[in-house]
Amino acid sequence: MDKLVGFIRTLSYLIFLAALIWAYASLAGQVSYKFDGDGTAVEIVDKNTFFFASVIIFLVANIICVSFLKVLKKIKSSEEGVGIRNKGLKSDVITWVKGFAGILNIMFTTIVFFIGYMNMNELKLDVLSVYIYIGPILLIFWFFYLVKILSVRRA
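It should be emphasised that the depicted structure is a prediction, and the values quoted were computed from it without experimental measurement. (Residues numbered from 1 in each chain as written. Predicted model: local features only at pLDDT ≥ 70, side-chain atom pairs only at ≥ 80, totals over all residues. Heavy atoms only, no water.)

## Examining the side chain of Thr-110
- Tracing the backbone through its elements, the reader meets Thr-110 in helix α3 (residues 87–118).
- In this structure the side chain of Thr-110 is engaged in a polar contact, spanning 2.8 Å, whose partner is the backbone oxygen of Met-107.
- For Thr-110, the residues in contact, after removing those within four places along its chain, are Tyr-131 and Ile-132. (Helix = DSSP H or I, 4+ residues; strand = E, 2+ residues; numbered from the N terminus. Polar contact = N/O pair within 3.5 Å; in protein donor to acceptor, adjacent residues only side chain to side chain. Contact = heavy atoms within 4.5 Å.)

## Describing the environment of Ile-149
- Locating Ile-149 in the fold gives a position in helix α5 (residues 134–151).
- By relative accessible area, Ile-149 is classed as buried at 4%.
- In the structure, Ile-149 is positioned 60 residues away from Leu-89 in sequence and 7.4 Å away in space, judged by C-alpha atoms. (Buried < 20%, exposed > 50% of the residue type's maximum accessible area, 1.4 Å probe, protein only.)

## Describing the packing of helix α1 (residues 2–26) against α3
- Following both chains from N to C, one finds α1 and α3 inclined at 20 degrees, their axes separated by 8 Å at the closest point. When the axes of α1 and α3 are compared, the pair comes out roughly parallel. Considering only the axes of α1 and α3, their crossing is left-handed. (Axes fitted to C-alpha atoms, helices over the stretch in contact; angles between N-to-C directions. Parallel < 35°, antiparallel > 145°, perpendicular 65-115°, else oblique. Left-handed = near helix turned anticlockwise from the far one by under 90°.)

## Notes on α3
- Here α3 spans 46 Å end to end across 32 residues, near enough to the 46 Å set by a 1.5 Å rise per residue.
- Taking burial as the measure, the 32 residues of α3 include 24 buried ones, the bulk of the element.
- Its side-chain oxygen placed 2.9 Å from the backbone nitrogen of Gly-88, Asn-86 serves as the N-cap of α3. (Expected span 1.5 Å × (residues − 1).)

## Points about the nonpolar core
- Phe-50, Trp-96, Phe-100, Leu-104 and Val-112 are the most contacted members of the largest nonpolar core, which has 30 residues in total.
- At the level of elements, α1, α2 (47–74), α3 and α5 are the ones that each hand at least two residues to this core.
- Ranked by residues supplied to this core, first place goes to α3 with 13 residues.
- Not counting the four nearest positions on each side in its chain, Trp-96 is found in contact with Trp-142, Phe-143, Tyr-145, Leu-146 and Ile-149. (Core = buried A, V, L, I, M, F, W, Y, C linked by side-chain atoms within 4.5 Å.)

## Topic: a nonpolar patch on the surface
- Taken together, the side chains of Leu-4, Phe-7, Ile-8, Leu-11, Leu-14, Ile-15, Leu-17 and Ile-21 present a nonpolar region at the surface, about 760 Å² in accessible area.
- By the element assignment, Ile-15 lies in helix α1.
- Residue Ile-15 is classed as partly exposed on the basis of its relative accessible area of 40%. (Patch = residues over 30% accessible without salt bridge, like charges linked within 9 Å, V, L, I, M, F, W, Y side chains within 5 Å. Areas by Shrake-Rupley, 256 points an atom, 1.4 Å probe, with all protein chains shown as cover. Salt bridge = Lys/Arg side-chain N within 4 Å of Asp/Glu carboxyl O.)

## With respect to the confidence of the model for the protein
- Counting all residues, the mean pLDDT for the protein is 84, and 90% of those residues have values of 70 or more.
- Mean pLDDT across the secondary structure elements of the protein bottoms out at helix α4 (residues 125–128), with 65, and peaks at α2, with 92. (pLDDT = per-residue confidence, 0-100.)

## Some words on the packing of aromatic side chains
- For the structure on display, the rule yields ten aromatic pairs.
- Taking 6.4 Å as the distance between ring centres and 70 degrees as the angle between the ring planes, the aromatic pair formed by Phe-58 and Phe-108 counts as edge-to-face. Of this pair, Phe-58 sits in helix α2 while Phe-108 sits in helix α3, and the two are 50 residues apart along the sequence.
- The buried category is assigned to Phe-58, whose relative accessible area is 8%.
- Accessibility expressed as a relative area gives 18% for Phe-108, which makes it buried.
- Considering the side-chain rings of Trp-96 and Phe-100, the 5.2 Å spacing of their centres and the 10 degrees angle between planes classify their relative orientation as stacked. (Phe/Tyr/Trp six-rings, centres within 6.5 Å; stacked < 30°, edge-to-face > 60°.)

What follows is the structure in C-alpha cells.
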C-alpha cells in the first residue's frame, strides 16, 4: 500500500505541473477565478499572478506534508510502543500522510483545470462542474481511512 500511495503522490506532482502549464498556456492575459450565479466574472487576476499563486500554494502544502513526514519518521518506535510510538501505527500514519499529500495535489489539479476551462468561452461547464467534487470526496474517504487506522487495536 505504501508503494502505491507513494507512486500516486509522485504522479500527482507531474499531473499538477501538466495541468498548470496547460492552463497557463491557454489562458488570456486576465484570469477569472470567482463567478456569480449567472456565470459573470466577479474577481479577475493577472495570468502570471494566477500561475505563481498556484505554484506557491502547491509548494507550501507539499512542504508542510513532507516536513510532517520527516518528523514522523524521526520518532522512535517499537512493536510494543503505545500511540505513535507503535511501529505499525507509525507506518500506517506515514502512508496516510503521503496519501493525503497526493489527494491535496489532485484537488489542486482539478481546481487548476476547472479555472482553465472556465476561462475558455467555447466550452460547456455543465458537464465539467461535476469534476470539482472529486477532491472533496476523496478527502472525505481518506479521513474515514484515518479513523479506521486510528481505531485498530495495536499490540
